[in-house]
Amino acid sequence: MNITPELSETHYFETNLPPSTLAEHTALANAFVKQHHDAKRPVVLLTSGGTTVPLENQTVRFIDNFSAGTRGATSAEYFLSHGYAVIFLHRQFSLLPFSRHYSHSTNCFLDFLSEWGRIGEDEEDGGKAEQAATPDVVVKAKYRQEMLSVLRKYQEAKKKNLLLLLPFTTVTSYLFTLKALACEMQCLGNEALFYLAAAVSDFFVPPSRMAEHKIQSGDIPSLGGDGSGVGGGKKLIVDLDPVPKFLKRLVEQWAPQAMIVSFKLETDPQMLLSKCRQSLERYSHHLVIGNLLSTRKREVVFVDREGIEWIRTPEAGQDSEEVEIESLIVPAVIRKHQEMLERRKTGAKK
Ligand code: PAZ
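Remember, it's a predicted structure, so these values are computed and weren't measured experimentally.

Note on placement: Glu-326 falls in helix α9 (residues 326-346). Glu-326 sits in the buried class, given a relative accessible area of 6%. Setting aside anything within four residues of it in sequence, one finds Glu-326 in contact with Thr-70, Arg-71, Thr-74, Ser-75, Tyr-78 and Pro-331.

Right under this line is the structure:
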């Protein structure tokens with residue numbers, strides 16, 4: 001039988017179990033989408049972080065992806081600052097908008113704090129502070145201004161319910177949730193934007209070949225040889241199937257009216273542009289943003305039907321603040337989204 005992409009995708013959803021959180025996450029997304037649709041606010045579904053590929057049903061070992069979620073968490077803050085409501089579909093425990101400034105950093109969050117009035121701990125405070133009557137804790141003076149600004153933006157997003165955090169772990173839970181959320185967002189039509197920055201595994205272990213329990217080194221067969229090599233010639237061979245390509249389904253069926261932006265990561269500079277163009281041709285979505293592992297925080301390339309455009313951060317000088325590249329990427333994506341909305345309103349084709 002010839003396995004078409006449609007068949008392999010249908011087969012994937014029929015043979016893998018949905019995550020136990022699917023119904024709850026779909027209901028949360030439904031209410032969120034309704035609220036912002038009523039308020040005529042554009043909504044972006046932003047995916048972030050890496051998916052895992054479990055090797056066992058009762059998972060002890062899994063294959064992981066390097067992504068920390070920096071691109072996604074940072075971009076989410078810029079989308080919020082430009083008036084979008086954000087569904088943040090992210091790898092559990094990866095970076096989150098706002099808290100990213102203080103979590104996963106080389107500092108322990110306690111390093112941002114000091115005891116009120118404790119001379120020497122935080123010189124600026126120590127100089128000015130009076131001894132507190134009761135022990136208290138404060139943010140160190142040098143972090144206060146920035147933390148206040150982050151806190152205000154975070155509280156504003158919370159108060160207006162502009163940010164919905166939905167976690168995933170495995171590639172399967174990611175795909176089931178993406179599909180369900182896309183369907184929930186259909187009512188938004190053109191106002192919906194998909195910004196797919198998650199690093200999604202291309203391969204997985206199908207349920208039919210998945211070990212139930214922790215793989216035991218003693219059960220692994222010896223693969224020939226005289227047994228004198230490392231491990232006595234034993235090898236754990238991991239046999240993975242390709243994950244069906246979902247982008248086409250997303251574009252054509254799950255979110256046919258939305259603007260869809262995907263990221264493409266490569267390590268070989270010679271391949272980056274051709275892979276971005278290939279992705280655009282294959283899936284017919286609106287924009288591919290290419291980036292290289294080694295330079296992803298300094299430059300990206302936009303590839304769409306109009307051509308290519310590099311976006312780079314300015315050289316950080318001695319006194320100048322480092323510019324987050326997402327502060328350049330997100331407004332450029334939003335411009336394209338607004339242009340698309342304008343074109344659809346006027347019925348112009350492009
Ligand atoms: O999460 P991070 O900031 O460390 O990395 C971001 C990224 C490189 C995963 C993202 O920009 C990206 O390219 N995502 C798509 C990866 C892919 O080609 O599947």
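A few words now on unusual backbone geometry. For residues besides glycine, phi is generally negative; the peptide bonds are generally trans as well. A positive phi is found at Lys-40, a non-glycine position, where the angle reads about 55 degrees. Note that Lys-40 resides in the loop between α2 (22-38) and β1 (43-48). Despite not being glycine, Asn-161 shows a phi value in the positive range, around 55 degrees. On the accessibility criterion, Asn-161 (34% relative accessible area) is partly exposed.

What surrounds the ligand is a group of 15 residues, the closest being Ser-67, Gly-69, Arg-71, Leu-265 and Asn-291. Taking Arg-71, its main chain carries an N or O atom lying 2.8 Å from an oxygen atom of the ligand. Here Arg-296 contributes a side-chain N or O atom positioned 3.2 Å from an oxygen atom of the ligand. Most atoms of the ligand, that is more than half of them, are within 2 Å of grid points of the largest pocket. Among the secondary structure elements, those contributing two or more residues to the shell around the ligand are α3 (70-81) and β11 (259-266). It is β11 that contributes the most residues to the shell around the ligand, three residues altogether. The residue inventory of the shell around the ligand, partitioned by class, reads eight nonpolar, four polar and three charged.

This brings us to the pairing of strand β12 (residues 287-292). Summarising burial for β12: six of the six residues are buried, a large majority. Here β11 runs beside β12; their pairing, made up of six bridges, is parallel. Bridge pairing links Lys-264 to Gly-290 in β12. A crossover connection joins β11 to the parallel β12 through helix α8 (residues 269-283); in handedness this β-α-β unit is right-handed. For β12 and strand β13 (residues 299-304), the ladder comprises three bridges, and the chain directions are antiparallel. Across the sheet, residue Val-288 finds its bridge partner in β13, namely Val-303.

Our next topic: the nonpolar core. Proteins that are soluble and globular tend to have nonpolar side chains buried together. One finds Ile-87, Met-185, Phe-194 and Leu-250 to be the most contacted residues of the largest nonpolar core, which totals 43 residues. Elements supplying a minimum of two residues to this core: α1 (5-15), α2, β1, β4 (85-91), β7 (163-168), α6 (171-184), β8 (192-196) and α7 (247-254). With eight residues, α6 is the single largest residue contributor to this core. Beyond its immediate sequence surroundings of up to four residues, Phe-194 is in contact with Leu-45, Ala-182, Met-185, Leu-250, Ala-255, Ala-258, Met-259, Ile-260 and Val-261. Core analysis: the next-biggest nonpolar cluster, separate from the first, contains 37 residues, Phe-79, Leu-193, Ala-197 and Val-261 among them.

If you trace the eight strands from one edge of the open sheet to the other, you get β7-β4-β1-β8-β11-β12-β13-β14, paired in mixed fashion. The open sheet terminates on both sides in strands that have one partner only, identified here as β7 and β14 (307-312). The mean inter-strand angle of the sheet, taken between neighbouring strand axes irrespective of direction, is 15 degrees.

Approximately 1,100 Å³ is the volume attributed to the largest pocket. Along its surface, the largest pocket is lined by 39 residues, and Ala-198, Ala-199, Val-200, Phe-263 and Lys-264 are the ones closest to its centre. Among the elements of the structure, α3, α6, β11 and α8 are those that each provide at least two residues to the lining of the largest pocket. Class assignment of the residues belonging to the lining of the largest pocket gives a composition of 17 nonpolar, twelve polar and ten charged. Each pocket or cavity is described by its volume, and for the second largest pocket that value is around 830 Å³. If you trace the second largest pocket, you find 28 residues lining it, with Lys-297, Glu-322, Val-323, Glu-324 and Ile-325 closest to the centre. Contributions of two or more residues to the lining of the second largest pocket are made by α3, α5 (141-159) and α9. Examining the composition of the lining of the second largest pocket, we find that four residues originate from one element, α3, more than from any other. Classifying every residue of the lining of the second largest pocket by side-chain character gives ten nonpolar, six polar and twelve charged.

Together, Ile-63, Leu-236 and Val-238 line one region of the surface with nonpolar side chains, adding up to about 230 Å² of accessible area. Along the chain, Leu-236 falls in the loop between β9 (203-204) and β10 (241-242).

Turning next to the pattern of salt bridges. Under the criterion given, the structure shown has 15 salt bridges. Lys-34 is the partner of Asp-38 in a salt bridge, and the nearest nitrogen-oxygen pair spans 3.0 Å. Linking Asp-38 with Lys-34, this pair stays in helix α2, spanning four residues, or about one helical turn. By relative accessible area, which is 51% here, Asp-38 ends up exposed. We classify Lys-34 as partly exposed; its relative accessible area is 49%. Across the pair Glu-326 and Arg-71 runs a salt bridge, and its minimum N-O distance is 2.9 Å. With Glu-326 in helix α9 and Arg-71 in helix α3, this residue pair connects regions lying 255 residues apart in the sequence.

Parameters at a glance
- Residues numbered from 1 in each chain as written.
- Predicted model: local features only at pLDDT ≥ 70, side-chain atom pairs only at ≥ 80, totals over all residues.
- Heavy atoms only, no water.
- Helix = DSSP H or I, 4+ residues; strand = E, 2+ residues; numbered from the N terminus.
- Buried < 20%, exposed > 50% of the residue type's maximum accessible area, 1.4 Å probe, protein only.
- Contact = heavy atoms within 4.5 Å.
- Near = heavy atom within 4 Å.
- Polar contact = N/O pair within 3.5 Å; in protein donor to acceptor, adjacent residues only side chain to side chain.
- 1 Å grid on protein atoms, 1.4 Å probe; cavity = no way out; pocket = protein on both sides within 12 Å on 5 of 7 lines; lining within 4 Å.
- Sits in = over half its atoms within 2 Å of the grid points.
- Nonpolar A, V, L, I, M, F, W, Y, C, P; charged D, E, K, R; others polar.
- Pairing = 2+ DSSP bridges.
- Right-handed = clockwise from strand over helix to strand, strands pointing away.
- Core = buried A, V, L, I, M, F, W, Y, C linked by side-chain atoms within 4.5 Å.
- Axes fitted to C-alpha atoms, helices over the stretch in contact; angles between N-to-C directions.
- Points joined across faces, edges and corners; volume = space filled by probe spheres on them.
- Patch = residues over 30% accessible without salt bridge, like charges linked within 9 Å, V, L, I, M, F, W, Y side chains within 5 Å.
- Areas by Shrake-Rupley, 256 points an atom, 1.4 Å probe, with all protein chains shown as cover.
- Salt bridge = Lys/Arg side-chain N within 4 Å of Asp/Glu carboxyl O.

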